[in-house]
Amino acid sequence: MQIKRLQGGVLAVALLLSGYTAVAQNPAPKLGKSPMSAVIKAMTLEEKVQLVVGAGFNMPGMTSSGTGVGQTQDRVPGAAGTTHAIPRLGIPSLVTSDGPAGVRIDSVRKGNPGRTYYATAWPVATLLASSWDTTVVKNVGIAFGHEVKEYGIDVILAPALNIHRNPLGGRNFEYYSEDPLIAGRMTAAMVNGIESNGVGTSIKHFAANNQESNRNTVNTIVSERALREIYLKGFEIAVKQSQPWTVMSSYNKINGTYTSESADLLTTILRKDWGFKGFVMTDWFGGTNPVAQMKAGNNLLMPGTPAQSSKIIEAVKSGQLAENVLDGQVAGILNIILRSPSFTGYKNSDRPDLKKDAQVARTAATEGMVLLKNEDQALPVKQQVRNVALFGINGYDLIAGGTGSGDVNKAYKISLAQGLTNAGYTVDNEVRQTYTAYMADYSGKHPKKDFFKEFMNPTPPAPEYTLDKALAVQKASATDMAIIAIGRNAGEGRDRKVEDDYELTNTEKDMIKAVSDAYHAQHKKVVVVLNIGGVINVMPWRNSADAILLAWQPGLEGGNAMADVLSGKVTPSGKLATTFPASYNDVPSAKSFPGKEFPEQATTGMLGMKAIPAEVTYDEGIYVGYRYYNTFNVKPAYEFGYGLSYTTFSYSPVKLSASTFNGRLTATVTVTNTGKTAGKEVAELYLSAPKGKLDKPTEELKGFAKTRTLRPGESQTLSFVLTPEELASFDTATSSWVAASGKYTVKIGASSLDIKQMASFSLAKELIAGKVSRALVPQVPITELQRP
């Protein structure tokens, strides 16, 4: 019996030792050193789920752990979220960070007193798009991506490219344009710039996320054609021209299904039709069914919750979710991890060159500012003008960018007052003190809140100071000119409203009138500077101003950039990438935005907020922005593509490479500076298609180019290439892109209404430019707007 026990013990020890030998001979595979299939095969079910469910959400006042707590805080304080690391397989965690206008992380850290971690607040996307210059945008991206890398971020949650469907959209400042061609090309330029640093992007919000009202519950009811031509086209361009590392699915539903749970959107369209090679992550807490998200092709659920992990594990064990489907989502994430700084072992400095980047931001800001009005050459400011009275609170408190995830913790921001001072002008001190005292009093009564509290209960912006008319009259005699600053801000979680937002407040209108009356009585100029993130109504007051400069939200160097343009150091060359309508009621989506609610079905949603089911029908179809205004002859205040300069340009006749389209056609035009000041010009190519079986706008933007800086008398020839893709419209009946036979007119001009030259070519027979999968079919009938 004793011998048997000894033999058994020896056998057990021998077996144990042989196991250790096997482990030593067959160590666990390592990512990057072993085949991907071997790494995935070695993962336990729990480890696979760890990888597809984020590591949790840590914010003051709340914590929502995935399958671990606070991992973001361990690596980059203030970053948006991380994935889980699996060290035994050589898999590091990925760090993600907001946002579209700059790296948003904590500017100070408990463990490093005295050190700061500020980032550049770049000009907002709407301003960058107004440059109509992809080189400018790529240069911003290169500098932006360097900060991403040096602060230890793997994937920046940007850029955002949803369409400006309605001017009240709360996050329009984060988005580029009402036109998908501009949105797509600007996004591709930004992605290529950022990712040239070896870090990733997450283009968002995919897709048809064009409002903040009920964003987590709203069902966007939209036709296949409007989706393909307007709301998906920009993403398609961006994917094909830049292959971003990741795409972020949006909160909303499209035609009844949450985007993060839609195989039509994430697999059929994104991967099959467009060839996307990266992975898809949810917006934070997006969607409701983690198993459906896995099946749809949404690889990563962010920020991650324990409930999501449990449901996926249970689904695999029960056979509801095939493990090979889960393996596919894991592989998509691992392929990107292989490219990340966290995997390659990059040692970030936490010291990007912020001074250098600030100059990139300043230059970009000047490129996208739009001169809307300039009567009697009120601008640039004349040399004899030295003393300026600056009215309006935003002249002293710059709105560098929007709120929410689009905000940035920056070291400083240059106000217009400071920018004017830096440019050598004297800003009237009495007026300055009046406004700064008012702002200080307001700030004291509204102390700063942390991000979460501000998101849940935003501090209202300071109302405009009520100007004493006597002060305006006094300063009209004492100073050389007046500048009036008007500001607007918005952001994540809320849409804007018409009253006292899209429309100026009575106080603002009274200020403009009082100042203009006083200065015009002295034969002095009044300039209005718009420091805004979205479109406003200019019609009631624009005649009071001699000049209007649309500065958008220009980033941390905004005041210097504004002064550069006002002084003439930089000649404005920006053009509108979004229309300024004459009235909100003229907006084609005015009656349907932001949709209807079903409060009787309300539940508790994200962050404990009330979630009210809602739906919005895009009954304007493809007639968004200028496609509507031009086609239906609705005159806007300032049309799409509009922008003035301090000089003038002429356009030569358009030359076409052929009179008949045969797969490819080139249009060329020569732009000449006919004025007295050096400047740049944006040439815009619109195409009018023949009437075929599909309803079409009168013209659509198909190309654009910006000249270099042209000296007076200097010319540059610009070329535009047209392919079948530019000619085609989406035919829902055949799920194909079709170009009708007949006459096409090329229109090249300085705006969508200011066409300088035209030329025509013909297409002998109908052409199929491409066929795609049928997907995202509306579940209810839609009565869409049709051309008269």
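Conventions adopted
Counting from 1, residues in each chain are numbered in the order their sequence is written. The predicted nature of this model means local features are confined to residues of pLDDT at least 70 and side-chain atom pairs, given and counted, to a pLDDT of 80 or more, with totals for whole chains, interfaces and linings taken over all residues. Each side-chain value is derived from all of the structure's non-hydrogen atoms; neither hydrogens nor water enter the calculation. Runs of E in the DSSP output that reach at least two residues are strands. Runs of H or I that reach at least four are helices, and both are numbered from the N terminus. To get the radius of gyration, use the C-alpha atoms; to get the globule rule, take the number of residues to the power 0.38 and multiply by 2.2 Å. Only protein chains enter the accessibility calculation, which uses a 1.4 Å probe; a residue whose area is less than 20% of its type maximum is buried, one above 50% is exposed, and one in between is partly exposed. In what follows, a contact means two residues having at least one pair of non-hydrogen atoms within 4.5 Å. All accessible-area figures derive from a Shrake-Rupley calculation using a 1.4 Å probe, and residue coverage is judged against the displayed protein chains alone. In this count, Lys and Arg are taken as positive residues and Asp and Glu as negative ones, while His and the chain termini are left out. We put the charge of a Lys on NZ, of an Arg on CZ, of an Asp on CG and of a Glu on CD. To obtain an axis, a line is fitted to C-alpha atoms, over the contacting stretch when the element is a helix, and the angle between two such axes runs from 0 to 180 degrees between their N-to-C directions. Should the near helix be turned counterclockwise from the far one by less than a right angle, the crossing is left-handed, whereas a clockwise turn marks it as right-handed. Throughout, the ten residues Ala, Val, Leu, Ile, Met, Phe, Trp, Tyr, Cys and Pro are labelled nonpolar, Asp, Glu, Lys and Arg are labelled charged, and all others, Gly among them, are labelled polar. Multiply 1.5 Å by the residue count of a helix minus one, and that product is the helix's expected span. Lining residues are those with an atom within 4 Å of a point, where the points come from a 1 Å grid over the protein atoms alone and group into cavities, where a 1.4 Å probe fits but cannot get out, or pockets, open sets with protein on both sides within 12 Å along at least five of seven lines. Grid points are joined across faces, edges and corners, and a volume is the space filled by probe spheres set on the points.

K.L.:
Describe the overall build of the protein chain, and please don't skip the residues or the numbers.
P.N.:
Regarding its fold elements, the protein chain presents 24 helices and 32 strands. In terms of C-alpha radius of gyration, the protein chain reaches 28 Å, essentially the compact-globule figure of 28 Å for 788 residues. On the principal axes, the C-alpha backbone points of the protein chain span a range of 120 × 70 × 55 Å. Burial analysis of the protein chain (788 residues in total) assigns 59% to the buried set. In the protein chain, once contacts between residues fewer than 6 apart in sequence are set aside, the share between residues at least 24 apart is 78%. When the accessible surface of the protein chain is split by element, carbon and sulfur atoms take 51% of a total near 30200 Å². Side-chain charges in the protein chain split into 82 positive and 71 negative, and the spacing between the mean points of these groups amounts to 5 Å.

K.L.:
So what's going on with the packing of helix α7 (residues 180–195) against helix α9 (residues 233–242)? Which residues, and what values?
P.N.:
Across the interface, α7 lies against α9 with an axial gap of 7 Å and an inter-helix angle of 35 degrees. In this structure, α7 meets α9 at a crossing whose hand is right-handed. Here α7 contributes P180, L181, G184, R185, T187, A188, V191, N192 and E195 to the contact with α9, which in turn contributes K233, G234, I237, A238, Q241 and S242. Looking at the contact of α7 with α9 residue by residue, the classes come out as 6 nonpolar, 6 polar and 3 charged.

K.L.:
With reference to specific residues and values, describe the side chain of T268.
P.N.:
Here T268 lies in helix α10 (residues 263–273). If we skip the residues at most four places from it in the chain, T268 touches A263, D273, S773 and A775.

K.L.:
Residues and numbers for helix α15 (residues 354–368), please.
P.N.:
Look at α15: 21 Å from first C-alpha to last across 15 residues, which is about the 21 Å you get at 1.5 Å a residue. Within the span of α15, buried status applies to D357, A358, A361, R362, A364, A365, T366, E367 and G368. Of the surrounding secondary structure, the elements contacted by the buried residues of α15 are α5 (125–130), α6 (134–150), β12 (370–374), α22 (558–567) and β26 (700–706).

K.L.:
Account for the layout of surface pockets, naming residues and giving values.
P.N.:
Approximately 570 Å³ is the volume found for the second largest pocket. As for the second largest pocket, its lining consists of 26 residues, of which K233, E236, I237, E725 and E726 are closest to the centre. Residue assignment for the lining of the second largest pocket shows that the elements contributing at least two residues are α7, α8 (224–231), α9, β26, α24 (724–727) and β32 (767–771). No other element matches the 5 residues that α9 contributes to the lining of the second largest pocket. When the residues that make up the lining of the second largest pocket are grouped by side-chain class, the tally is 9 nonpolar, 3 polar and 14 charged.

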